[in-house]
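Report on the structure
Listed below, chain by chain, are the residues.
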Amino acid sequence: MILIKSWLDGKEEACPIRKRVFIDEQGVPADMELDEYDPTAQHALAYLNSECIGTARLVTLPGDIGRIGRMAVLPMHRKQGVGGELLCALLELSKSQGITKLELHAQLSAIAFYEQYGFIAQGDIYDEAGIAHRDMILYIQ
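Residue positions are given per chain, counting from 1 as you read along its sequence in written order. Reporting of local features is limited, given that this is a predicted model, to residues whose pLDDT is at least 70; pairs of side-chain atoms are given and counted only at 80 or more, and all residues count toward the totals for whole chains, interfaces and linings. Side-chain measures were taken over the full set of non-hydrogen atoms in the model, leaving aside hydrogen atoms and water.

1. Things to note about the pairing of strand β7 (residues 131-139)
- Between any two strands, at least two bridges found by DSSP are needed for them to pair. Going along the chain from the N terminus, every DSSP run of H or I of four or more residues is numbered as a helix, and every run of E of two or more is numbered as a strand. Sheet analysis places strand β5 (residues 101-107) next to β7, joined by 7 bridges and oriented antiparallel. Bridge pairing in β7 places leucine 104 opposite methionine 136.
- The pairing of strand β6 (residues 120-128) with β7 spans 6 bridges and is classified as antiparallel. Bridged to glutamine 122 within β7 is aspartate 135.

2. So, the sheet that holds strand β3 (residues 51-61)
- Spatial strand order, β1-β2-β3-β4-β5-β7-β6: 7 strands in an open sheet with mixed pairing. Taken across any chain shown, the strands that pair with only one partner, and hence form the sheet edges, are β1 (2-6) and β6. Averaged over all pairs of adjacent strands, the angle between strand axes in this sheet comes to 25°, irrespective of strand direction.
- Bridge count for strand β2 (residues 42-48) against β3 is 7 bridges, and the pairing is antiparallel. By the bridge assignment, alanine 44 is partnered in β3 with alanine 56. To obtain each axis, a line is fitted to C-alpha atoms, and for helices this fit is confined to the stretch in contact; angles are then taken between N-to-C directions over 0 to 180 degrees.

3. Re helix α3 (residues 82-96)
- Given a rise of 1.5 Å per residue, 15 residues ought to cover 21 Å, and the 21 Å separating the end C-alpha atoms of α3 matches this to within 8%.
- Restricting attention to buried positions, one finds in α3 the residues Val82, Gly83, Gly84, Leu86, Leu87, Ala89, Leu90, Leu91, Leu93 and Ser94.
- Looking one or two places after α3, you find glycine 98, whose phi comes out positive at around 80°. One less than the residue count of a helix, multiplied by 1.5 Å, gives the span that helix is expected to have. Between buried and exposed lies partly exposed: a residue is buried under 20% and exposed over 50% of the maximum accessible area for its type, with that area taken using a 1.4 Å probe on protein chains only.

4. Some points on helix α1 (residues 7-25)
- If you check α1, its first and last C-alpha atoms are just 23 Å apart, much less than what 19 residues at 1.5 Å a residue would give, namely 27 Å.
- We define the bend at each residue as the angle formed by axes fitted to the 7 residues ending at it and the 7 residues starting at it. Taking the largest bend as the criterion, α1 deviates by roughly 45°, centred on glutamate 13, and proline proline 16 comes between one and four positions later.
- Restricting attention to buried positions, one finds in α1 the residues Trp7, Gly10, Ala14, Ile17, Arg18, Val21 and Phe22.
- In this structure, the buried side of α1 is in contact with β1, α2 (30-33), β2, β3, β4 (65-73) and β5.
- Immediately beyond the C-terminal end of α1, within one or two residues, lies glycine 27, with a positive phi of roughly 75°. Whether two residues touch is decided by their heavy atoms; if any such pair falls within 4.5 Å, the residues are in contact.

5. Quick look at the pattern of salt bridges
- Here, a salt bridge means any Lys or Arg side-chain nitrogen found within 4 Å of an Asp or Glu carboxyl oxygen. Following the criterion strictly, the structure yields 11 salt bridges and no others.
- Close ionic contact of glutamate 103 with arginine 67 constitutes a salt bridge, the shortest N to O distance being 2.8 Å. One end of the pair, glutamate 103, is in strand β5; the other, arginine 67, is in strand β4, with 36 residues separating them in the sequence.
- Overall, glutamate 103 belongs to the buried group, its relative accessible area being 18%.

In C-alpha cells form, the structure reads like this:
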C-alpha cells in the first residue's frame, strides 16, 4: 500500500529509511540527506502490513515541473516491485496536480529502472554526494 503524506506526517517513517539507505549504505553525508525541499514536498510511503518499507518524494517546481527524488526501499524489500509502486504513485500524483514535466537525478545504477517508466537520460554524468548521477526527464501527457 502506498500513502501520500506531508513531511510533517511522514518524516518519522521516512527518515529512518532514508538514513539506512543513503547515509549508512551509500555513504551520503548526513548533512546533505535532508534538505530545504522536504518540508514542502509530498512524500510517498510504501507499507507492508503496518511497516513502512520505502519512501520517495515529489517536489513541485515553477512552470508545472516536478522533481522526483529520495527514493529508497529497505534492502530486504528490494526487487519486489516496491520502487515501481512508489514511482507510479508519484506519477499519478503529478498528473493530478497538472505537472507536465518530471525530472530526477538518477544514480547510474538506477537508470534502467527509470527508463522502464518512460524517463529519458540526458546530459553528462556528474557527481552528487560522491555517487555518479545523470539527469532524466519525462513529459506527462
